[in-house]
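Residue-level structural notes
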Amino acid sequence: MLFNSYVFLFAYLPITVAGFFILGRRSQSWAAAWLAGASLFFYGWWDYRYLPLLLGSIVFNYGCATLLGPGRIRHRKGLLIAAIAANLGMLAYYKYAGFFVASLAQLLAQPMPVLHVVLPIGISFFTFTQIAFLVDTYQGKARESRFVHYLLFVTYFPHLIAGPVLHHKEMMPQFADKRIFRLSGRNVAIGSTIFIIGLAKKVLVADNIGPYAAPLFSDPAAPSLLAAWGGVLAYAFQLYFDFSGYSDMAIGLSRLFGVRLPLNFDSPYKARNIAQFWRRWHMTLSRFLRDYLYIPLGGKRCGPARRYLNLMITMVLGGLWHGAGWNFIVWGALHGAYLAIHKGWGTVARTLHLPSDTRAGNVVATCLTFTAVCIAWVFFRASDMDSALTILTGMGGGYGLALPDALAPYLLPAQPVLASMGVSFYLGGGMAFVESWTWIAMAAVLVFAMPNTQQIMRRFEPALDFQDGQAAAGAGGLGGLRRLTWRASPAWAAAIAALALASTLALNRPAEFLYFQF
């Protein structure tokens, strides 16, 4: 069931919300059980055959966590390692078995049976959430004795199938708060607004710009410079608005119940370096990889060389987490290299006392970071390595620069200059060229010049770890935000209603979220 579908918006969500608050007036346990049951129904709507896998994982990890509590058994560390290995083993089978068998067959040049393992939706997210819970329990940071609450923590439908990755200590105090079981007009208004903004990002922007990326990645035969960059930029913005829209919708849905989710997306394309990008893109996954992989590997405690190695290992495994394929490994390795270069450059800049935080320097740094991210997206999206390398060659001008013939009459004054640059013209495709670059320009304005959702909603604590001061600074200060800060007013109500109407009318063919694939 998709958040951007009629059945979710007009059947599942109203029934779930109403049932939760009606039961919450009588019993908080009943309400929690209702929400957990509704979340299981939400998951089973995709494919009920994978419900036993989800429930088995929950029962297994709850049992392990019960034994991992302080003083319960002697060999707690051994149990923790075994439990994590079991979780990773399950994830490896469903996500990577086919990839490893195919790679082994290619390496040995021997035919091997093809595995047709269907990837259960959300398995990466509910597995990582529970691994974090096991580690926190072992370290004495978390303890849960109520199975229904643990079931709700893992299956909570706003985050179940595409994140964010939750921490037990963040969520359980909220589920135990009596106030969330009482219907709040304030939470409904705030949650609905955030949800509608996210819905609009998904159906009005991401789903409309996506088709301009598809032709390049499905058939990247010698693309010219603008065709290659047009397709890659279209995909970069499609992925941005798809993920940003989902993150907003998850936060908005949760706020209807009075529960605030952690922030998972914070204008990453505005980042001035790659480290900042990863603090803003898929923030809870970055936090998980930092806390449960990079730091246990040694982090930066063992010298520069080991630090770079740890960065590379973390990012390569992060790339592999996103998908079973060499493209994802290369994508992760590229980001590991970017981070190593950034750390090295920071050391050089400090040694040479180079100026920092200048306006021109920040613009150049943002453009450079965005370009590097787009180059890496090519490997993330391309179907194979050959396609990725062909697209990169086009982005570097290896296949020349060509324009649609329909534009030639409008460029007559510039014809000598274009000819000296080797620009050629091709028949057809003029409308698609204009439309794609128009969408790219509009998306760029929204991304780089407009405040994000949490900045718009900054007066109402939109996310669990939201900090108003950082939001204002990120938007260029309070002056730039004041006019676009949401408030309970007729003008804002009319604007959000119009956005909701436009989004609902665009739901004829609901498209899956890209991050459902991971």
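Given the structure is predicted, the values throughout are model-derived calculations rather than measurements. (Residues numbered from 1 in each chain as written. Predicted model: local features only at pLDDT ≥ 70, side-chain atom pairs only at ≥ 80, totals over all residues. Heavy atoms only, no water.)

Here's the deal with the pattern of salt bridges
If charged atoms from side chains of opposite charge come close, those side chains can pair. This structure, assessed with the given rule, holds 10 salt bridges. In this structure, K201 and D248 form a salt bridge, with 2.6 Å as the shortest nitrogen-oxygen distance. Here the residue K201 occupies a position in helix α8 (residues 185–209), and D248 occupies one in helix α10 (residues 225–256), the gap between them amounting to 47 residues. For the residue pair K201 and D248, the accessibility class agrees, reading buried in each case. What you see here is one network of salt bridges that share partners, running through K202, D207 and D242. (Salt bridge = Lys/Arg side-chain N within 4 Å of Asp/Glu carboxyl O. Helix = DSSP H or I, 4+ residues; strand = E, 2+ residues; numbered from the N terminus. Buried < 20%, exposed > 50% of the residue type's maximum accessible area, 1.4 Å probe, protein only.)

Some words on helix α4 (residues 76–108)
Taking 1.5 Å per residue as the helical rise, α4 with its 33 residues ought to reach 48 Å, whereas the 41 Å between its terminal C-alpha atoms falls clearly short. A bend of about 65° at Y96 is the largest found in α4. Regarding α4, the residues found buried are R76, L80, A83, N87, M90, L91, K95, Y96, A97, F99, S103 and A105. Those residues of α4 hidden inside the fold are in contact with α3 (51–68), α5 (123–138), α13 (304–322) and α14 (326–352). A109 occupies a position one or two residues after α4 and carries a positive phi of about 55°. (Expected span 1.5 Å × (residues − 1). Bend = angle between axes of the 7 residues up to and from the residue. Contact = heavy atoms within 4.5 Å.)

What about the packing of aromatic side chains?
What the rule picks out here adds up to 59 aromatic pairs. Ring geometry for Y150 and F153: centres 6.0 Å apart, planes at 45°, overall tilted. Residue Y150 and its partner F153 are both found in helix α6 (residues 147–155); the two are separated by three residues, about one turn of the helix. The same class applies to Y150 and to F153, which are both buried. Lying over the aromatic face of W321, K95 brings its terminal NZ or CZ to 4.8 Å of the ring centre. The lysine or arginine in question, K202, covers the ring of F513, its NZ or CZ lying 4.9 Å from the ring centre. (Phe/Tyr/Trp six-rings, centres within 6.5 Å; stacked < 30°, edge-to-face > 60°. Lys NZ or Arg CZ within 6 Å of the ring centre and 35° of its normal.)

Description of the nonpolar core
Formed by 147 residues in total, the largest nonpolar core has its most connected members in F3, F8, F157, F237, Y269, W281 and W377. Residue contributions to this core peak at 17 residues, all from α10. Not counting the four nearest positions on each side in its chain, W281 is found in contact with L239, Y240, F243, N264, F265, P268, Y269, S286, W377 and Y515. (Core = buried A, V, L, I, M, F, W, Y, C linked by side-chain atoms within 4.5 Å.)

Details of the side chain of N61
Locating N61 in the fold gives a position in helix α3. With sequence-adjacent residues up to four places away left out, N61 is seen in contact with N87, Q130, L134 and Y150.

Some details on the side chain of S39
Looking at the secondary structure, you find S39 in helix α2 (residues 28–46). The exposure class of S39 is buried, given its relative accessible area of 0%. Of note is the side chain of S39, whose polar atom sits 3.3 Å from the backbone oxygen of T155. Once residues within four sequence positions are removed from consideration, S39 is found in contact with Y12, T155, Y156, F157 and L160. (Polar contact = N/O pair within 3.5 Å; in protein donor to acceptor, adjacent residues only side chain to side chain.)

Considering empty space enclosed by the protein
What the rule picks out here adds up to one cavity of 30 Å³ or more. Of the pockets and cavities examined, the largest cavity occupies roughly 30 Å³. Around the largest cavity, the lining residues are I194, D248, I251, L263, T453, Q454, P462 and A463. Looking at the lining of the largest cavity, the elements that each hand over two or more residues are α10 and α19 (453–456). Classifying every residue of the lining of the largest cavity gives five nonpolar, two polar and one charged. (1 Å grid on protein atoms, 1.4 Å probe; cavity = no way out; pocket = protein on both sides within 12 Å on 5 of 7 lines; lining within 4 Å. Points joined across faces, edges and corners; volume = space filled by probe spheres on them. Nonpolar A, V, L, I, M, F, W, Y, C, P; charged D, E, K, R; others polar.)

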